[in-house]
Each structure stands twice: as structure tokens, then as C-alpha cells.
Amino acid sequence: MTRTVNATQELAAFLRARRARLHPDDVGLTVRRQVRRTPGLRREEVAELAGVSTDYIVRLEQGRGLRPSAEVVEALARALRLDADERAYLFDLARQRMPGNGTPATAPDPALLMLVEHLSPLPAMLVDHRYDILAWNREMACLITDFEALPERRRNSMWLCLLDPALRELYAERERIIREGVADLRAAWAAHPDDRRLAELIGEFAAYSEEFARAWDRHDVKVQGRGNKPLCHPEVGPLVVTYEVLMPVQDPDQRIIIYRAADADSQVALDRLTAGVAARKPSAAELSPPS
């Protein structure tokens, strides 16, 4: 038998269950001397911790059709000591958008570094929500540019596309690539409104790239998960790559981008470009996070 989720009733049951598993000592409350007839925290104790009325907690736990605000959901998550997965679940049940969970990670986990390298011979790189390039394999460097030779601040795929003269002719459909990239970046900007570095990058792009400014003024928003990029490579000529974007569950603000040849001719060109790469050992920059 299958059942759809009754969000109101599940929210009520989830709050009751999480309240029951806590003891006043767990949340720093003084235990009163009278006998506690029920396990866990009392409703008035949760109300005190969350900064809401006891009557509000009662109505929520009785499933009486309330829809708590995002601020109240956050307060309940803190009061009930929910972990990250439970917090996300509570926001889903309340039909609220979960705010950012602190400062996004901008350094790659060693496991992601290893994964990017092990994706060879497919070109692959790891980027964060700002498009900063955190790691890459040798095939990606052959296809795009020598990332290791760039100043760390310029290891940003949007900056390279917009402002690096050496890459200006790389993208055959440059206008589309920029438009799609900007639509993706706008979504990241809204999700991280307090990220000053991201705001500075957007300001720099708008000041120095008319192409970016035009695309930004369109107010398009779309997260690109897959697609294709026709390239005009200076060494092997035209080829088309398809890309796939993977988001690690533990680091959702980072993305692994994988390129593949879109057709047989493009595979031949890609093979010519990366010939001999396997014989070279990866550099320290390719396997280590930026300092």
C-alpha cells in the first residue's frame, strides 16, 4: 500500500517524536522536582526554547493546519537540536525554503579531489558556487587552459570566459554560453546573498564585460545541469563536448563538471589533444586544494 505524504500530520508527528527524544539536560534547562509523566521535553519547554507560545506548539503538534514561517521553523530546528538532514526535512514539511546553512565550503574535500583525477580520461573539474575552479584533471587543463599557471584569483571559469583574451575564441556559441552561465550565477547569488566575494565578482564582471552586463540585465535564472558546448580549439580545431554537472550530497555548493565528446569526430579531436597526458604525473595543484 502506498501513501502520499500528509505534510500537516507528518509535521505534527515529527515534532512530537523529536520532542520526546530530548531531556532538559540536553538543552540546558533546569529539571524541576516534580515527576515528569511523559518522556522528553514538555511543550512549554520547546516553546520557551523556540520563542513561541505554548499554545502555538500545541496546535502544531495537533496538526491543526498551521504553516509556520521560515523563522519559526528555524527556531524549532534549533530548539529540538535537529541535525542537517532533519532540519531540511522539517523545512520541507512546512513548505518553506530552507535558508543557507552557514558559510558554503570553498575548499574541496580530499575525496572529491581524488574523484576528479580518477575521472580521467574524461576532462573534469570541481567548481564552487562562485565558479571558482577548485580542482581539475590534466585532460581538462589540456582542453581549456593551464589553470596552474594562472593566479589563484583568476581560476574562475566565468572570469576566464568573459575576460581572458586567450579564451575569447574558444566558445563557438559564446553568447549562449555566457547567457546560460549568468542565469546559473544569478541563482547562486540569490542563494548566497551575504557572500561578499561573489558580489565583488559580479561587480567586476559587470564593470569590465558588456556581454555580462547585458545578460545580467535579462534577469534569467536557470541552473544548468547538462548541455553541450561547441568549441574552436586552437590546437585541434572544432569539436563539440557535452557536459554533465554532479552535485555532491555532502557539499551541495560544489559541482563536478564532466566533459565528453559529443560525436566521433569530436572524440578524435579530444584524443589528439590529450595524447600523452596519461604518462605525465599530476601536479601538486591538480591534486591539492588551493592555499
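Everything in this summary refers to the structure shown in the same document. As the structure is a prediction and not an experimental result, all values here were calculated from the model.

Conventions used here
- Residue positions are given per chain, counted from 1 along the sequence in the order it is written.
- A pLDDT threshold of at least 70 governs which residues receive local features in this predicted model, and a stricter bar of 80 or more applies before side-chain atom pairs are shown or counted, although totals over entire chains, interfaces and linings include all residues.
- Only hydrogens and water are removed before side-chain values are computed, so all heavy atoms of the structure are retained for them.
- If DSSP finds at least two bridges between two strands, the strands pair.
- To qualify as a helix, a DSSP run of H or I must reach at least 4 residues; to qualify as a strand, a run of E must reach at least 2; elements of each kind are numbered from the N terminus.
- Buried residues of nine kinds, namely Ala, Val, Leu, Ile, Met, Phe, Trp, Tyr and Cys, make up a nonpolar core once their side-chain atoms join them within 4.5 Å.
- A simple rule labels every residue: compare its accessible area, found with a 1.4 Å probe on the protein chains alone, to the largest value its type can have, and call it buried under 20%, exposed over 50%, or partly exposed in between.
- The contact criterion used throughout is that any non-hydrogen atoms of two residues lie within 4.5 Å.
- The definition of a polar contact used here is a pair of N or O atoms within 3.5 Å, where within protein one atom must be able to donate a hydrogen and the other to accept one, and adjacent residues in sequence count solely through side-chain atom pairs.
- Aromatic rings from Phe, Tyr and Trp, with only the six-membered ring used for Trp, were paired whenever their centres fell within 6.5 Å, and each pair was classed as stacked if the ring planes differed by under 30 degrees, edge-to-face if by over 60, and tilted otherwise.

Bringing the pairing of strand β4 (residues 237–246) into the picture now. Bridging between strand β3 (residues 226–233) and β4 involves 8 bridges; their strand directions are antiparallel. In the strand pairing of β4, lysine 229 is matched with valine 241. Connecting β3 to the next strand, β4, in antiparallel fashion are 3 residues. Here β4 pairs with strand β5 (residues 254–261) via 6 bridges, running antiparallel. Considered in β5, the bridge of threonine 242 is made with arginine 260.

Below, the discussion takes up the nonpolar core. Judged by nonpolar contacts, the single largest core of 42 residues is most densely connected at Leu143, Ile144, Phe147, Phe205, Phe212, Leu239 and Tyr259. Residue contributions to this core peak at 5 residues, all from helix α8 (residues 157–163). Ignoring sequence-local partners within four residues, the contact set of leucine 143 consists of Pro123, Leu170, Leu231, His233, Leu239, Val241, Tyr259, Leu270 and Leu273. Formed by 24 residues, the second largest nonpolar core is a distinct cluster that contains Phe14, Ala79, Phe91 and Ala94.

A few words now on the side chain of glutamate 74. With respect to the secondary-structure elements, glutamate 74 resides in helix α4 (residues 70–79). Assessed through its relative accessible area of 17%, glutamate 74 is described here as buried. Here the side chain of glutamate 74 touches arginine 87 through a polar contact of 2.8 Å, side chain to side chain. In this structure, glutamate 74 is in contact with Arg87, Phe91 and Pro99, ignoring residues within four places of it in sequence.

Note that serine 209 resides in the loop between α10 (196–208) and α11 (210–216). Not counting the four nearest positions on each side in its chain, serine 209 is found in contact with Leu162 and Leu163.

What follows covers the packing of aromatic side chains. What the rule picks out here adds up to 5 aromatic pairs. Here the aromatic rings of phenylalanine 14 and tyrosine 89 are separated by 5.1 Å at their centres, their planes lie at 80°, and the arrangement is edge-to-face. Of this pair, phenylalanine 14 sits in helix α1 (residues 7–20) while tyrosine 89 sits in helix α5 (residues 84–93); the two residues are 75 residues apart in sequence, bridging distant segments of the chain. Residue class for tyrosine 89 comes out partly exposed when judged on its relative accessible area of 34%.

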